[in-house]
Amino acid sequence: MDVALRQVAEGATGFMPPQEGLALYTAAAAIPAGGLICEVGTYCGKSTLYLAAAARAAGATVVTVDHHRGSEEKYHDTTLVDPRTGRLDTLPFLRRTLEQGQVEDVVTAIVGRSEQVGRWWTTPIALLFLDGGHTEEQAQADYEAWGRHVTSGGLLAIHDVFPDPADGGQAPHHVLLRALDEGFREQSRTGSLRVLRRVD
Ligand code: MG
């Protein structure tokens, strides 16, 4: 991975350990040229940078979707609050991250709820990265809205998969089990990151 971009990624605000970020990069860098990488759950763009580096390497493009109002189960970071409204707003921080990483040419940010955007989305996805809301309802809704767009042979990456409830919330793990039941096969594990391939 590009060293400068990796340094910006490691310094960016977010919840992606370096080893998992590199695993995400490695998976995404292997997609076919011209392919589309889609991330659900942008937050401040930390993992977006790993995907952007991969997109550069692969000749691909990244689309990242988030309403940028944070999520109920995530730590409420008061430095991300819009003082005008008192509401969380991560969009300005995403823009800074993309600018710092100089990846605005390969990343398109979509501001909206995942299922709302998913309603009109039709483009096939070569790699889908699910890292949105981690409630059971939201995680399942994200998978339903986006999983069906992954191409045959395409990849599905899921973050924060904890098979043991003592380690973390179960929703991403339930999504993993569902995906395994619906045509995906596990390809790699790095920390809480799982990469699956569509084999049907
Ligand atoms: Mg995550």
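Rules behind the numbers
- Residues numbered from 1 in each chain as written.
- Predicted model: local features only at pLDDT ≥ 70, side-chain atom pairs only at ≥ 80, totals over all residues.
- Heavy atoms only, no water.
- Donors = N, O, S within 2.8 Å, 3.2 Å for Na, K, Ca; no water.
- Buried < 20%, exposed > 50% of the residue type's maximum accessible area, 1.4 Å probe, protein only.
- Salt bridge = Lys/Arg side-chain N within 4 Å of Asp/Glu carboxyl O.
- Helix = DSSP H or I, 4+ residues; strand = E, 2+ residues; numbered from the N terminus.
- Pairing = 2+ DSSP bridges.
- Contact = heavy atoms within 4.5 Å.
- Right-handed = clockwise from strand over helix to strand, strands pointing away.
- Core = buried A, V, L, I, M, F, W, Y, C linked by side-chain atoms within 4.5 Å.

Caption draft 1: Local environment of the coordination of the magnesium ion. For the magnesium ion, the protein coordination sphere consists of Asp131 (OD), His159 (ND1) and Asp160 (OD), at 2.2 to 2.3 Å. Donor residues for the magnesium ion sit on one chain with the sequence pattern D-x27-H-D. On the basis of relative accessible area, His159 is assigned to the buried category, the value being 2%. Judged by relative accessible area, Asp160 falls into the buried class, the value being 15%.

Caption draft 2: Representation of the pattern of salt bridges in the model. Following the criterion strictly, the structure yields 7 salt bridges and no others. The salt bridge involving Arg56 is made with Asp105; its shortest N-O contact spans 2.5 Å. Remark: Asp105 occurs in the loop between α4 (91-101) and β5 (107-111) and Arg56 occurs in helix α3 (residues 46-58); sequence separation between them is 49 residues. In this structure Asp105 comes out as exposed when scored by relative accessible area, which is 59%. When salt bridges that share partners are traced, they join Glu144, Arg178 and Glu182 into one network.

Caption draft 3: Structural detail: the pairing of strand β8 (residues 184-190). Here β8 pairs with strand β9 (residues 193-198) via 6 bridges, running antiparallel. Counterpart to Arg189 in the pairing with β9 is Arg194.

Caption draft 4: Region of the structure containing the environment of Val106. Considering the arrangement of structural elements, one finds Val106 in the loop between α4 and β5. Judged by relative accessible area, which is 9%, Val106 ranks as buried. As for Val106 and Pro83, which are separated by 23 residues in sequence, their C-alpha atoms are 31 Å apart. If we skip the residues at most four places from it in the chain, Val106 touches Ala52, Ala55, Arg56, Ala60, Thr61 and Val62.

Caption draft 5: Up close: the pairing of strand β7 (residues 150-158). Pairing of strand β6 (residues 125-130) with β7 involves 5 bridges; the strand directions are parallel. Across the sheet, Leu128 pairs through a bridge with Leu156, a residue of β7. Handedness of the β-α-β unit built from β6, helix α6 (residues 136-146) and β7 comes out right-handed. Pairing geometry for β7 and β9, over 4 bridges, is antiparallel. Bridged to Ala157 within β9 is Val195.

Caption draft 6: Expanded view of the nonpolar core. Counting residues in hydrophobic clusters, the biggest one holds 32 residues, and the most contacted among them are Ile31, Ile37, Leu51, Val103, Leu127 and Phe129. Of all elements in the fold, only α1 (3-11), α2 (18-29), α3, α4, β6, β7 and β9 reach the threshold of two or more residues within this core. No other element matches α3, which puts 8 residues into this core. Leave out the neighbours within four places in its chain, and Leu127 touches Ala27, Ala28, Ile31, Leu36, Ile37, Cys38, Leu51 and Leu155. Counting 25 residues, the second-largest nonpolar core is a separate cluster that includes Leu36, Val40, Ile110 and Ala171.

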